[in-house]
Amino acid sequence: MAAVQNQTPILPKLNPTDFQIPTLGECTFPTPPTRSEIISENERILYQSRFSDPSKLNPSLAFEVAGLRDHMFFDPHDINVGIVTCGGLCPGLNDVIRAITYSSLGYGVKKVYGFKFGYRGLSRQGRSYILLDTKNVNTIHYIGGSFLGSSRGPVPPEEMIETLKLLKISVLFTIGGDGTQRGAKFLQDKITEMGEKISVIGIPKTIDNDILYVDKTFGFDTAVEKAREAIICAHVEAKSAPHGLSIVKLMGRDSGFISAKATLASGDVNICLIPEEPFTLEALFKAVESRLLRQNHCVIVVAEGAGAELMAKIQPPVKDASGNLKGGDIGVFLKEQIQAHFKKLDMECTTRYIDPSYTIRACQPNASDAAFCEELGNKAVNSALSGKTGCIVGFWNQQFTLVPFSLITRGRKMVQLDEHMWCTVKAMTTDVTGRQ
Ligand code: ATP
Ligand code: MG
């Protein structure tokens, strides 16, 4: 069989300098007695953990470790910090806001500003914030969404710096996806250019788990769990109708991790479509037809970005406020195409279309994500107090890392078609690439 071609762009070769985290300066303030783990400045987490020839391992390709150092750059009693959440909703946003607030105030930070509705809250015109304290964030983790609200659309970095200086904010925590961290990079570049001592630390939020050089982002586990519940219901629906077909559309604009994992987790999916692997309508029709004739029911899982090239021929994509390309609804498209096909054949096909996306995005995180958010928030505060800036708090090989904005904004993490996860999905489902 020919080697599988992934659409993942080839990423540039990594150099040791790519892993360097910018710092605001020398840490001179002795860290007060704390229960947090103290990280030595030389500790690293290896980038590569799988190898066949140990002599080719390069230990210089390694991430810095997130967390507290034995000295701090900031005296926490002297500073204010800010938090902003941008982009789409994701389970765990409130947990991270709460963790950052508690951790900052625990160190004696004077004020924690929560900016309202994304970067807009830091703009000149839309400046809006609330002061966060242990009372008003105490129970926000019981609910989904963002306590601070969120938005899309750019804000000039000069305006954001003006707001940060006005409120005497020394650290800004940016909770958001790839767009948010690109915005944070622009902001940090401008801060450096202006010689200001303000740290910008990102906490990556992507329900799709598509941030480069980060194994896992918060909300992903919850999304897979909820997606699995939707698939189980879709399966029941399909089995309950003559020639029942259920189509479940899941999140995944560019990367199909949620669809792939939920397929593995449910065991009920017959066809799984993700953006990384093109498919043909002819092969899809054939697969559905043969399943309905053999088994009387069929479940299709489709990631929102799958089949973009098929859709673009009919509905050209448009851009949202942040410049992200938005095509039509692939679930609706597939439903209409399949229904038209079976009508032509004069064959019965009872189609149900299920889109749980918004209910998943807005729900409360599961226990594992909630615990993860708590650690992320604490690691973010610890790293910021140590003078780190221009980076996100990542998770790699089961450890909390620091990853420069410049590294994660190079591209997007995608499902590797020749690796174990996708191969297992393929073994459980029917191929519709038209190649077999
Ligand atoms: P998600 O896509 O997961 O919902 P996101 O963080 O990628 O989250 P976006 O709407 O793309 O969501 O971006 C969030 C914020 O970041 C928006 O206010 C957007 O304008 C800003 N932003 C995105 N790209 C840039 C950029 N290159 N420079 C400055 N700001 C940016
Ligand atoms: Mg995005």
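Here, the structure is the one placed above.
Residues numbered from 1 in each chain as written. Chains lettered and ligands numbered in written order. Predicted model: local features only at pLDDT ≥ 70, side-chain atom pairs only at ≥ 80, totals over all residues. Heavy atoms only, no water.

Asker: Please give an account of the sheet that holds strand β17 (residues 399-404) that cites residues and values.
Answerer: Spatial ordering of the open sheet is given by β2-β3-β17-β16-β9-β8-β5-β6-β7, a layout of nine strands whose pairing is mixed. The sheet terminates laterally at β2 (44-46) and β7 (129-132), the two strands that pair on one side only. Taken pair by pair, the neighbouring strands of this sheet meet at an average axis angle of 35 degrees, ignoring direction. Sheet analysis places β2 next to strand β3 (residues 62-65), joined by three bridges and oriented antiparallel. Across the sheet, R44 pairs through a bridge with E64, a residue of β3. (Pairing = 2+ DSSP bridges. Helix = DSSP H or I, 4+ residues; strand = E, 2+ residues; numbered from the N terminus. Axes fitted to C-alpha atoms, helices over the stretch in contact; angles between N-to-C directions.)

Asker: So what about unusual backbone geometry? Which residues, and what values?
Answerer: Although it is not a glycine, F117 sits at a positive phi angle of roughly 55 degrees. By the secondary structure assignment, F117 is in the loop between β6 (111-115) and β7. According to the relative accessible area criterion, F117 is partly exposed, its value standing at 41%. Residues other than glycine seldom take positive phi values, yet Q398 does so here, at roughly 65 degrees. As for its position among the elements, Q398 is in the loop between β16 (391-396) and β17. For Q398, a relative accessible area of 65% gives the class exposed. (Buried < 20%, exposed > 50% of the residue type's maximum accessible area, 1.4 Å probe, protein only.)

Asker: Go over the packing of helix α2 (residues 157-166) against helix α3 (residues 178-194), please, and point to the residues and values.
Answerer: Angle between the axes and distance between the axes are the two parameters that describe a pair of packed helices. Between α2 and α3, whose axes approach to 9 Å, the crossing angle comes to 70 degrees. By the angle class used here, α2 and α3 are roughly perpendicular. Considering the relative orientation of α2 and α3, their crossing is right-handed. Residue-level contacts link P157, E158, M160, I161 and L164 of α2 to F186, L187, K190, I191 and M194 of α3. (Parallel < 35°, antiparallel > 145°, perpendicular 65-115°, else oblique. Left-handed = near helix turned anticlockwise from the far one by under 90°. Contact = heavy atoms within 4.5 Å.)

Asker: Outline the pattern of salt bridges, listing residues and values.
Answerer: Counted according to the given criterion, the structure contains 26 salt bridges. The closest approach of N and O atoms between D178 and R182, which form a salt bridge, is 3.7 Å. One end of the pair, D178, and the other, R182, are both in helix α3, four residues apart, so they sit about a helical turn from each other. The partly exposed category is assigned to D178, whose relative accessible area is 25%. With a relative accessible area of 37%, R182 lands in the partly exposed category. Residue E229 pairs with K226 through a salt bridge whose shortest N-O separation is 3.8 Å. Of the two residues, E229 and K226 are both situated in helix α4 (residues 220-239); the distance of three residues between them amounts to about one turn of the helix. Salt bridges here are not isolated pairs; linked through shared partners, they connect D178, R182, D210, D254 and R412. (Salt bridge = Lys/Arg side-chain N within 4 Å of Asp/Glu carboxyl O.)

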